[in-house]
Structure formats: C-alpha cells, structure tokens
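Spelled out, the chains give:
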Amino acid sequence: MKGIIFTEFLEMVEETFGLEVTEQIIEESTLPSEGVYTSVGTYDFNEMVSLLTQLSENVDIPANKLLHTFGLYLFDSLGKAHPEVIKSFNSPIALLMSIEDHIHVHVKKLYPDAELPTFTIVEQSDTSLSIIYASSRGLYSLAQGLMEKCFIHFNSSAHISHELLKEDGTQVKFDIVQHG
Ligand code: HEM
C-alpha cells in the first residue's frame, strides 16, 4: 500500500482524535516500518489493518465507519497530490466512470507497485451509475467515502447505496443516483 495512504490516514487521525491517540495506535500496532512513512514509499497492507484495528478499539468506532470518514478526507488529499487528474473532469459521474480506465491507470504509471481495486461499470446514465468494486483488501467503505466527497467537490449531491456481493466486502455493488 502506498505511503500517501498512510501519511494521510495518520494526519486524519491526528486532526480528528488528537496526537495522543495517534501516538498510542502507532505504539500498539504491529509495524515493521515503525510507523514512519513517506508518501512515495510502499508498505505492507497489514500495517494499515493493524493501525485501523487499534484506532477502532481506542475510539470505540467500527473500522468501516472510520474507513468511510477517511475516504471523505482522502479525496481532497489525492486531489492536492494530483490536481491535474481531478481538473480533467467536469462532473462527478464522469470522474467515477473513469476511475478504472483513466485515473487508476495513471496512478499505476506513476507508482508501478500501487495495489488498486477494480471498478466494473454495470449500468450508467447521465445521472446514475451502478459499479462493482472488487479488491482483496475489502476497502469498500473507503471507496464509498471517496465517491461521496467526489460529489461534494463538484457542488453536487447523490444517494449512494451499497450491497455486499461477497460477505467479506471484497466485492461490493454501488448504486449511485445524482440529485443535485
Ligand atoms: C487506492 C478508490 C480516485 C489514487 C484506492 C483504493 C480505493 C480507491 C478504494 C484502496 C485500494 C483498494 O481498495 O484495494 C477510488 C475512488 C476514487 C479514486 C472511489 C474516486 C472517487 C483516485 C484519484 C487518485 C487515486 C483521483 C489520484 C490521482 C489512488 C492511490 C491509491 C488508491 C495512489 C493507493 C494504491 C496503493 O495503496 O498501493 N482508490 N480512487 N484514486 N487510489 Fe483511488
């Protein structure tokens, strides 16, 4: 998993829950990297699982709720790191439809060792989209937060519902309906 995900995660934790909680979860997690991340580095996904699990226990909030909050935060972080990518779209649906064939393809060129999910479009219109998220990491709540913030970014809004196609969250269908 790319370092930018770790650095932004820890930044969100510090802003939301404070420095003490941040230091505590780093202390309590199993981290071969010792909790030191650079945005261009690559680290074991298990370190994120460990940090998230410790945070969930410390603040007594379910991991998926925390991932959703992190998704809302991360959209702006990715936008700041790669403004040209976001700027090339003029609507949230157009952006979401391009994650698989453009955005993440570009990401893979920049970071060949990035571990990305796949998004398969099953239905689309100008104002709606059904898309299937698939990833062995099961970070569908992160995806939901990213998608919601995408609409906010374009001063729009949408109803986004999800259905687990696999119980462990490695395959999830999203139904997105824009209404503003
Ligand atoms: C990873 C979804 C837009 C760059 C991920 C992951 C998800 C995701 C869920 C976690 C990996 C996994 O689930 O297996 C989305 C969605 C987007 C979006 C829903 C749009 C709303 C972007 C944009 C960029 C970007 C605009 C930057 C230009 C990355 C990077 C990773 C990533 C760098 C980390 C890869 C790794 O850890 O190795 N994306 N993404 N994404 N995405 Fe996206």
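The name an unreviewed UniProt entry gives the protein is Heme NO-binding domain-containing protein, with Muriicola jejuensis as the organism.

Draft legend 1. Just the overall build of the protein, in detail. Secondary structure summary: the protein contains 8 helices and 4 strands in total. The N-to-C order of helical and strand elements in the protein reads α-α-α-α-α-α-α-β-β-α-β-β. With respect to the principal axes defined by its C-alpha atoms, the protein has extents near 50 × 30 × 30 Å. By sequence separation, contacts in the protein at least 24 residues apart represent 59% of the contacts at least 6 residues apart. With an accessible surface of roughly 9,400 Å², the protein has 53% of that area assigned to carbon and sulfur atoms. Averaged over its 10 positive side-chain charges, the protein has a centre that lies 9 Å from the centre of its 26 negative ones.

Draft legend 2. Representation of the site of the ligand in the model. In the vicinity of the ligand, 26 residues are found, and the nearest of them are K2, H104, E115, Y133 and S135. A distance of 2.6 Å separates an oxygen atom of the ligand from a polar atom in the side chain of Y133. Of all the elements in the fold, those that place two or more residues in the shell around the ligand are α5 (83-87), α6 (92-97), α7 (99-110) and α8 (140-153).

Criteria and thresholds
- Residues numbered from 1 in each chain as written.
- Predicted model: local features only at pLDDT ≥ 70, side-chain atom pairs only at ≥ 80, totals over all residues.
- Heavy atoms only, no water.
- Helix = DSSP H or I, 4+ residues; strand = E, 2+ residues; numbered from the N terminus.
- Contact = heavy atoms within 4.5 Å.
- Areas by Shrake-Rupley, 256 points an atom, 1.4 Å probe, with all protein chains shown as cover.
- Lys, Arg positive; Asp, Glu negative; His and termini not counted.
- Charge placed at Lys NZ, Arg CZ, Asp CG, Glu CD.
- Near = heavy atom within 4 Å.
- Polar contact = N/O pair within 3.5 Å; in protein donor to acceptor, adjacent residues only side chain to side chain.

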